[in-house]
Amino acid sequence: MVDYGIWTIITPLVTIGLAIWTRQVILSLLAGIFVGFTVINGFNPFAGVESTLDGIVGIFGSAGSTRTILFCFMVGGLIRLIQVTGGTKALVRYLTEKANIINNKKAVQLLAMFITSVIFIESSISIMAAGTSTNELAKRYGVSREKMAYVIQASCVSVCSSIMINGWGAAMMGVIGVQVSKGFIEGEPFGILAGSMMYNFMAWLTLASVFFYIFSGFKWGAMGESEDRAATGKELRDGAFPITSEEDVEVIESAQGKESILNFLMPLIPTILMVPIGLYITGNGDLANGSGSTSVFWGVMLGTSCSFIYFVGRKILNVESFFTHLFAGYASMIPLGAIMTLAFLMGNVSGDLNTGAYITQSIDGIIPSGFSAAFVFLIAVVMAISTGTSWGTFSIMIPIGIQIGAAVGIEPQLMIGAAISGAIFGDMTSPISDTGIVASMATKNDHIDHIRTQFPYAIATGLVATVLFTICGFSMLA
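Keep in mind that this is a model prediction, so the values were computed, not measured.

Rules used in this analysis
Residues numbered from 1 in each chain as written. Predicted model: local features only at pLDDT ≥ 70, side-chain atom pairs only at ≥ 80, totals over all residues. Heavy atoms only, no water. Helix = DSSP H or I, 4+ residues; strand = E, 2+ residues; numbered from the N terminus. Expected span 1.5 Å × (residues − 1). Buried < 20%, exposed > 50% of the residue type's maximum accessible area, 1.4 Å probe, protein only. Salt bridge = Lys/Arg side-chain N within 4 Å of Asp/Glu carboxyl O. Contact = heavy atoms within 4.5 Å. Patch = residues over 30% accessible without salt bridge, like charges linked within 9 Å, V, L, I, M, F, W, Y side chains within 5 Å. Areas by Shrake-Rupley, 256 points an atom, 1.4 Å probe, with all protein chains shown as cover.

Asks: For helix H15 (residues 319-332), give the residues involved together with the corresponding values.
Replies: Taking 1.5 Å per residue as the helical rise, H15 with its 14 residues ought to reach 20 Å, and the 20 Å between its terminal C-alpha atoms agrees with that figure. Turning to H15, its buried residues number three or more, namely Ser321, Phe322, His325, Leu326, Gly329 and Tyr330.

Asks: Break down the pattern of salt bridges for me, with residues and values.
Replies: Counted under the stated rule, the structure contains 5 salt bridges. We note a salt bridge from glutamate 146 to arginine 229, for which the minimum N-O separation is 3.0 Å. With glutamate 146 in helix H8 (residues 145-160) and arginine 229 in helix H12 (residues 221-231), this pair connects stretches of sequence that are 83 residues apart. Owing to a relative accessible area of 1%, glutamate 146 belongs among the buried residues under this scheme. A salt bridge links lysine 219 to aspartate 228; the shortest N-O distance between them is 2.6 Å. A relative accessible area of 36% means that lysine 219 is categorised as partly exposed.

Asks: Explain the environment of glycine 131 to me, and be specific about the residues and the numbers.
Replies: Counting through the fold element by element, glycine 131 comes out in helix H7 (residues 123-141). Each C-alpha atom of the pair glycine 131 and threonine 443 lies 5.1 Å from the other, and the pair is 312 residues apart in sequence. In this structure glycine 131 touches Ile152 and Ala442, once residues within four positions along its chain are discounted.

Asks: Describe a nonpolar patch on the surface, and please don't skip the residues or the numbers.
Replies: On the surface, Ile277, Tyr280, Ile281 and Trp298 cluster together to form a nonpolar patch covering roughly 400 Å² of accessible area. The element best represented in the nonpolar patch is helix H13 (residues 261-282), accounting for 3 residues. Structurally, isoleucine 281 can be placed in helix H13. The class for isoleucine 281 is partly exposed, based on a relative accessible area of 47%.

And the structure:
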């Protein structure tokens, strides 16, 4: 393997630096890949451009990567169908019709948490549904908007990053698959990712923290001030500017009078059920060794087929409108598809440059090997806060974490968990995070107030996660 010296870290440095400066993930990934290929090609920028373009095309030569990217596009189509047929609104209505049992602060917050957990397939719909269904109840029982935004966003990102049958899981499996193909780790991406979920400390600690704050009523810092204010009937602080109004978070409807909870369930149930069946088939009877990318792709294909039969057969949508909305959903996922394509290519370039091994050698004697997982977690935290994207962060940090782990002898599952944990920490604390903005919209919050009150709670959880990653890192080397 060619030794590129200090130039081996140029790709992640350029990517992270540009991401912090421009807050543009696609631009940052593309620039980092170009610089990496330029180094590989003897610092010839023209060869770097050619290799970058060929590399983008080459990603689609991998069946696993292609299936993962197509899965995310097709999930966007299913989400659109659920929205336009009133499926999400029907589910929310069904849950809130039982409001006679929602008679205190704890119940309101638990309802919001439950809704975010049920609608795990897509984070924005999860957050918006939880916010719109609990806003009036929160006002009635004196729960601050800031507290509701914290409960909803923290629960959402924790659940979405831990349940693999969604876009998050497919993307992470794709990134891991690149490292498998490069020989840094062995196994099937689905099994590796499943094993790493127990190390997603930030998610589990966050969910535990949300439960603690709900049931104990304990409050502190800026969040405590917001709760004291809400208890007096004052929803917003003086001078606050809510990011949206109630009308801005209404779901789209094109099937008035035919809204049904089945409109929500019919696209998703076949998709979800097909995944374990696909894993069983592709693993020749062994679920742990089945192909995750194939299974989720089969699942979303079945979900789309069942949706067509159901919506057109019941005349909720005609053939033309079905495909119009389906393709509109696909179009909404174009930025994500671009990020995933570049993320997969980023993993290839980092592997060719042997970035993980170089970083390991550089910190050897400076940072003990046992701190490797905590190191990956903290770097991912900084990047995610700066860029506001958990997806972009784990696409960069998972390959680096795997390569560092392989070099020092730490299980890749721990390093993957550290990268994911750091990514979702930043998602919860960055003012430019998409889930943070949606959470402020859904709860009609002042966005800066939401981030300001949530940040100390996330910091407290993140400190505990850092300690756990350190303990696990040293224990694996013992």
